[in-house]
Amino acid sequence: MPITLKSQNGEFLLRVAGVLIKENKVLLHRTKKGTAWVLPGGRGEMNEETGKTVIREFAEELGLDVQVARLLWLIESFNAYGEKNLHEHGMYYLVESRGEEITIPGEEFIGLEEETGIVYKWIELQELRNLTIYPRALQRLLPEVSKVNEIKHMINIEECSQGLSNSCK
């Protein structure tokens, strides 16, 4: 059961995502109709270690067998994805392949869960500043990932006008 709490004051969710980097490119995804990019991952589940959540999500969504290298960031996002009163706790792990060779297609591609409408793409780290990425803090964090040597906790407050839905409800 995914960890999501809803009340009249808003919604809280726990999201776990993986940072997979190869050849100076990071794997991101977006919805087919959306323009904003996020790291692959999903909602944490009750009684599931978050490291296992990210491994499960990569297997389910992409068929990739990854392992957790280390926890990078804990990011508390308010108005996450530009949605008013959406409070997301994000745990971001550096992940790496467990031996299988990962190919990097030049174009966008669909993962295993075709019905979800999620499109993936390997994006050059230096191109991130030109994209809409959530949480926005990742624009500056991802290019510096190789320099991360301790877990960082940060607060991220999104502007409502630039969300995935282009409104702040």
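Right above here is the structure, for reference.
Residues numbered from 1 in each chain as written. Predicted model: local features only at pLDDT ≥ 70, side-chain atom pairs only at ≥ 80, totals over all residues. Heavy atoms only, no water.

Draft legend 1. Summary view of the sheet that holds strand 3 (residues 21-22). Reading across from one edge, 3-4-9-8 is the order of the four strands in this open sheet, with antiparallel pairing throughout. Because the sheet does not close on itself, it has two edges, and the strands there are strand 3 and strand 8 (109-110). Pairing of strand 4 (residues 25-31) with strand 9 (residues 118-124), which is carried by seven bridges, proceeds in the antiparallel orientation. Opposite T31, over in strand 9, you have I118 as the bridge partner. (Pairing = 2+ DSSP bridges. Helix = DSSP H or I, 4+ residues; strand = E, 2+ residues; numbered from the N terminus.)

Draft legend 2. Region of interest: the nonpolar core. In terms of nonpolar packing, the biggest core is built from 22 residues, with V19, L39, W73, L138 and L142 touching the most fellow members. Going through the elements one at a time, strand 2 (10-19), strand 4, strand 6 (66-78), strand 7 (86-97) and helix 2 (138-141) are the ones with two or more residues in this core. Sort the elements by how many residues they give to this core and strand 6 lands first, with three residues. Among the nonpolar cores identified, the runner-up in size contains 18 residues, and I3, V54, Y93 and I102 belong to it. (Core = buried A, V, L, I, M, F, W, Y, C linked by side-chain atoms within 4.5 Å. Buried < 20%, exposed > 50% of the residue type's maximum accessible area, 1.4 Å probe, protein only.)

Draft legend 3. Region of interest: the packing of aromatic side chains. Counted according to the given criterion, the structure contains three aromatic pairs. Taken together, a centroid distance of 6.4 Å and an interplanar angle of 55 degrees make the contact between W73 and Y92 tilted. Of this pair, W73 sits in strand 6 while Y92 is found in strand 7, placing the two residues 19 residues apart along the sequence. Across the pair, Y92 and W73 agree in class, each one buried. (Phe/Tyr/Trp six-rings, centres within 6.5 Å; stacked < 30°, edge-to-face > 60°.)

Draft legend 4. Summary view of a nonpolar patch on the surface. Taken together, F78, I155 and I157 make up a surface patch of nonpolar side chains, about 290 Å² in accessible area. Here I157 shows up in strand 10 (residues 152-157). (Patch = residues over 30% accessible without salt bridge, like charges linked within 9 Å, V, L, I, M, F, W, Y side chains within 5 Å. Areas by Shrake-Rupley, 256 points an atom, 1.4 Å probe, with all protein chains shown as cover. Salt bridge = Lys/Arg side-chain N within 4 Å of Asp/Glu carboxyl O.)

Draft legend 5. View of the pairing of strand 7. As judged from the nine bridges shared by strand 2 and strand 7, these two strands associate in the parallel manner. Pairing of A17 across the sheet is with Y92, part of strand 7. As paired elements, strand 6 and strand 7 share 11 bridges and run antiparallel to each other. Counted as the bridge partner of V66 is S97 from strand 7.

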